[in-house]
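Tertiary structure, described
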Amino acid sequence: MPEITLAEVRKTHRDTLMRYKQARIPFVEIVTADDEHVCDYCEKHAGLYKIGRVPPLPHKGCTASPLTKKTEGKTWCRCCYAPIYEPEEMVQPNHKKHI
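Criteria and cut-off values
Residues numbered from 1 in each chain as written. Predicted model: local features only at pLDDT ≥ 70, side-chain atom pairs only at ≥ 80, totals over all residues. Heavy atoms only, no water. Helix = DSSP H or I, 4+ residues; strand = E, 2+ residues; numbered from the N terminus. Contact = heavy atoms within 4.5 Å. Pairing = 2+ DSSP bridges. Axes fitted to C-alpha atoms, helices over the stretch in contact; angles between N-to-C directions. Expected span 1.5 Å × (residues − 1). Salt bridge = Lys/Arg side-chain N within 4 Å of Asp/Glu carboxyl O. Buried < 20%, exposed > 50% of the residue type's maximum accessible area, 1.4 Å probe, protein only.

Concerning the environment of Y20
- In this fold, Y20 is placed in helix α1 (residues 6-22).
- Beyond its immediate stretch of four places on either side in the chain, Y20 contacts I25, V28, I51, Y81, A82 and P83.

Quick notes on the sheet that holds strand β3 (residues 80-84)
- Overall, mixed pairing links the four strands, which are arranged β3-β1-β2-β4 in an open sheet. Looking at which strands have only one partner, the edges of the open sheet turn out to be β3 and β4 (96-97).
- Of the pairings in the sheet, the one linking strand β1 (residues 27-31) to strand β2 (residues 47-50) comprises four bridges and is antiparallel in character. Across the sheet, I30 pairs through a bridge with G47, a residue of β2.
- Strands in contact with α1 are β1 and β3; relative to β3, the strand with the most contacts, it is inclined by about 5°.

A few points about α1
- Helix length check: α1, at 17 residues, gives a terminal C-alpha distance of 24 Å against a target of 24 Å (1.5 Å per residue), a fit within 8%.
- Looking at the buried residues of α1, the elements they touch are β1 and β3.

A short note on the pattern of salt bridges
- In the structure shown here, the tally under the stated rule is two salt bridges.
- Taking the shortest distance from any N to any O, the salt bridge between K11 and D15 comes out at 2.7 Å. A residue pair is termed a helical-turn pair when its members lie 3 or 4 positions apart in one helix, as K11 and D15 do in helix α1 at four residues.
- One salt bridge connects D35 with R78, and the closest N-O pair in it is separated by 2.8 Å. Of this pair, D35 sits in the loop between β1 and α2 (40-45) while R78 sits in the loop between β2 and β3; the two residues are 43 residues apart in sequence, bridging distant segments of the chain.
- Taking the relative accessible area as the measure of exposure, D35 reaches 29% and is therefore partly exposed.
- Its relative accessible area of 40% is what places R78 among the partly exposed residues.

Let's talk about unusual backbone geometry
- Residues L57 and P58 are joined by a peptide bond in cis, for which omega reads -5°.
- Unlike most non-glycine residues, R24 shows phi in positive territory, near 60°.
- Tracing the sequence through the fold places R24 in the loop between α1 and β1.

Printed below as a string of structure tokens:
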């Protein structure tokens, strides 16, 4: 089975954001796996963003990402985008609102 590349993961996230923009979704929440493996960087950046101001995934500072080489490619950032119409609808309401 072929390996998934970092470029493919980034493209998937970009395509997801593009579909949300086309659907006129006003907000995006970065959702973590919400477990003990979530790195501090991802925990800090999780939360609600306006659709045009959301940072790209995987986060450049994620310690679970092959970008950092700290995990020797054994794991991947598990953050994802969730479409949000109203800020009160956040998936993980304990996270920040970066809007």
